[in-house]
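Structural overview for review
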Amino acid sequence: MTKGKFIVIEGLDGSGKGTQITLLTEALRRMGSKVHRTAEPTDSVTGGLLRDALGGFVQRDAYELSALFLSDRIFHNVNPKNGIRHYLEQGYDVICDRYYYSSFAYQGMDADLSWVMDMNLHCPEILKPDLCIFLDISPAVGEERLSSDRSHREIYENVATQQRVRKRFLEVFDLLKDNENIKIVDAARSVEAVSADIIKICEALKEK
Ligand code: TYD
């Protein structure tokens, strides 16, 4: 059986990842692929610790958060029941909402970026995605979208932080450009236009 493709969708808060992942999942299934949809943080115990911190209920520093995300990501890869590796080996395409690029952009703002990158990129259990699509929006657009559907804000969900996060994402993509397959998509357009671009990129990946 051929291995599935590992596709990561990244973006600022409010960039429309959830909607686009639903549309991509449907499109890939229509093309006959088996698709497993997943996200980070996961629903593991560590994922719960992370959500408490992201919600602002427990304070943790950037190094602690980096290590927790790393641990959650290792679990996400190796978990024999529903881990990423398991699904890829069963021939599923795996679509993951956020991955190590988010650790680089978010924790890499306050923790040493090369330390965060090294421990993720050099961990043999953490798979390198076949493709990362970054849904690019300005923090102002993200803010508008979040305001309409969120009552509680997570620690990173404010315009000033999102500006720093976007800058970090773009810096990191530049650092990784020779080693990783990263595509930046303008996500300020209509849902349909963004989806059409994402599907085209994934079709090309599947043909490889
Ligand atoms: P998000 O993906 O927007 O999901 P939800 O809509 O359920 O809030 O939120 C996850 C948050 O976690 C987001 O603010 C980014 C943060 N995050 C990190 O800081 N580092 C990481 O490594 C990952 C995977 C996420």
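Rules of the game
- All residue numbers here refer to positions counted from 1 along the written sequence of the relevant chain.
- Local features in this predicted model are restricted to residues of pLDDT 70 or higher, and side-chain atom pairs are both shown and tallied only at a pLDDT of 80 or more, whereas totals for entire chains, interfaces and linings draw on every residue.
- Hydrogens and water molecules were not included; the side-chain quantities draw on all heavy atoms of the structure.
- Any cysteine sulfur atom paired with another within 2.5 Å is treated as part of a disulfide.
- A 1.4 Å probe rolled over the protein chains alone gives each residue an accessible area, and that area as a share of the maximum for its type sets the label: buried under 20%, exposed over 50%, partly exposed in between.
- Pairing of aromatic side chains requires ring centres within 6.5 Å, counting the rings of Phe and Tyr and the six-membered ring of Trp. Pairs whose planes differ by under 30 degrees are stacked, by over 60 edge-to-face, and all others tilted.
- Counting as a charge over the ring demands two things of the Lys NZ or Arg CZ atom: a distance within 6 Å of the ring centre and an angle within 35 degrees of the ring normal.
- Whenever Lys or Arg places a side-chain nitrogen within 4 Å of a carboxyl oxygen from Asp or Glu, that contact is recorded as a salt bridge.
- Per the convention used, a helix needs a DSSP run of H or I reaching at least four residues, while a strand needs a run of E reaching at least two, with both numbered from the N terminus.
- Two strands pair if DSSP finds at least two bridges between them.
- Proximity is defined per residue: if any heavy atom of the residue lies within 4 Å of a molecule or strand, that residue is considered near it.
- The definition of a polar contact used here is a pair of N or O atoms within 3.5 Å, where within protein one atom must be able to donate a hydrogen and the other to accept one, and adjacent residues in sequence count solely through side-chain atom pairs.
- To form a nonpolar core, buried Ala, Val, Leu, Ile, Met, Phe, Trp, Tyr and Cys residues must be joined to one another through side-chain atoms within 4.5 Å.
- Throughout, a residue-residue contact means that at least one pair of heavy atoms, one from each residue, lies within 4.5 Å.
- Lines are fitted to the C-alpha atoms to define the axes, a helix being fitted only along its stretch in contact, and any angle between axes, read from their N-to-C directions, falls within 0 to 180 degrees.
- Roughly parallel here means an angle under 35 degrees, roughly antiparallel means over 145, roughly perpendicular means 65 to 115, and every remaining angle is called oblique.
- Left-handed describes a crossing whose near helix is turned anticlockwise from the far helix through less than a right angle; right-handed describes the clockwise counterpart.
- Residues are grouped as follows: Ala, Val, Leu, Ile, Met, Phe, Trp, Tyr, Cys and Pro are nonpolar; Asp, Glu, Lys and Arg are charged; every other residue, Gly included, is polar.

1. Observations regarding the state of the cysteines
What the rule picks out here adds up to zero disulfides. C123 forms no disulfide, and the closest cysteine sulfur to it belongs to C96, at a distance of 15 Å. The thiol sulfur of C132 is not disulfide-bonded, and the nearest other cysteine sulfur, from C96, lies at 10 Å. Overall, the relative accessible area of 0% leaves C132 in the buried class.

2. A word on the packing of aromatic side chains
Following the criterion strictly, the structure yields 13 aromatic pairs and no others. When the ring of Y87 is compared with that of Y92, the centres are 5.0 Å apart and the planes differ by 85 degrees; the resulting orientation is edge-to-face. According to the relative accessible area criterion, Y87 is buried, its value standing at 17%. Among the aromatic residues, those joined into a ring-pair cluster are F6, Y99, Y100, Y101, F104, Y106, F134, Y156, F169 and F173. Directly above the aromatic system of Y99 lies the positively charged group of R73, at a separation of 5.6 Å from the ring centroid.

3. Some words on the pattern of salt bridges
Here the structure, examined in full by the defined rule, presents 14 salt bridges. In this structure, D136 engages R166 in a salt bridge whose closest nitrogen and oxygen atoms are separated by 2.8 Å. With D136 in strand β4 (residues 131–136) and R166 in helix α8 (residues 159–176), this pair connects stretches of sequence that are 30 residues apart. A relative accessible area of 26% places R166 in the partly exposed class.

4. Comments concerning the pairing of β4
Burial analysis of β4 places six of its six residues in the buried class, which makes it a mostly covered element. Burial along β4 is two-sided: L131, I133 and L135 facing one way and C132, F134 and D136 facing the other are all buried. Of the pairings in the sheet, the one linking strand β1 (residues 6–11) to β4 comprises five bridges and is parallel in character. The residue of β4 that forms the bridge with V8 is C132. Judged from the five bridges that link them, β4 and strand β5 (residues 182–186) form a sheet pairing that is parallel.

5. Quick look at the pairing of strand β3 (residues 93–97)
Of all five residues in β3, five are buried; the element is thus mostly enclosed. Both faces of β3 are covered, namely the face carrying D93, I95 and D97 and the face carrying V94 and C96. One ladder, built from four bridges, connects β1 with β3; its direction is parallel. Residue pairing for β3: I7 is matched across the bridge by I95. Note: strand β2 (residues 35–39) against β3, five bridges, orientation parallel. Across the sheet, residue A39 finds its bridge partner in β3, namely D97.

6. Observations regarding the site of the ligand
In the vicinity of the ligand lie 15 residues, with D13, R73, R98, S103 and Q107 positioned nearest. Between the ligand and E154 there is a distance of 3.4 Å, counted from an oxygen atom to a side-chain nitrogen or oxygen. The set of elements that each furnish at least two residues to the shell around the ligand consists of α3 (62–78) and α5 (100–106). Take the shell around the ligand: its biggest share by element is three residues, from α5.

7. Some thoughts on the nonpolar core
Judged by nonpolar contacts, the single largest core of 60 residues is most densely connected at F6, L24, Y99, Y101, I133 and F169. Here this core gets six residues from one element, more than from any other, and that element is helix α9 (residues 191–207). Beyond its immediate chain neighbours, meaning those up to four positions away, I133 contacts V8, I9, E10, K183, V185, I198, I201 and C202.

8. Quick word on the packing of helix α6 (residues 113–121) against α8
Relative orientation of the contacting elements α6 and α8 amounts to 55 degrees, with a least axis distance of 13 Å. For the element pair α6 / α8, the angle class is oblique. Every pair of crossing elements has a handedness; the one defined by α6 and α8 is right-handed. Contacts between α6 and α8 involve L113, M117 and L121 from the first element and R168, V172, L175 and L176 from the second. A per-class count over the contact of α6 with α8 returns six nonpolar, no polar and one charged.

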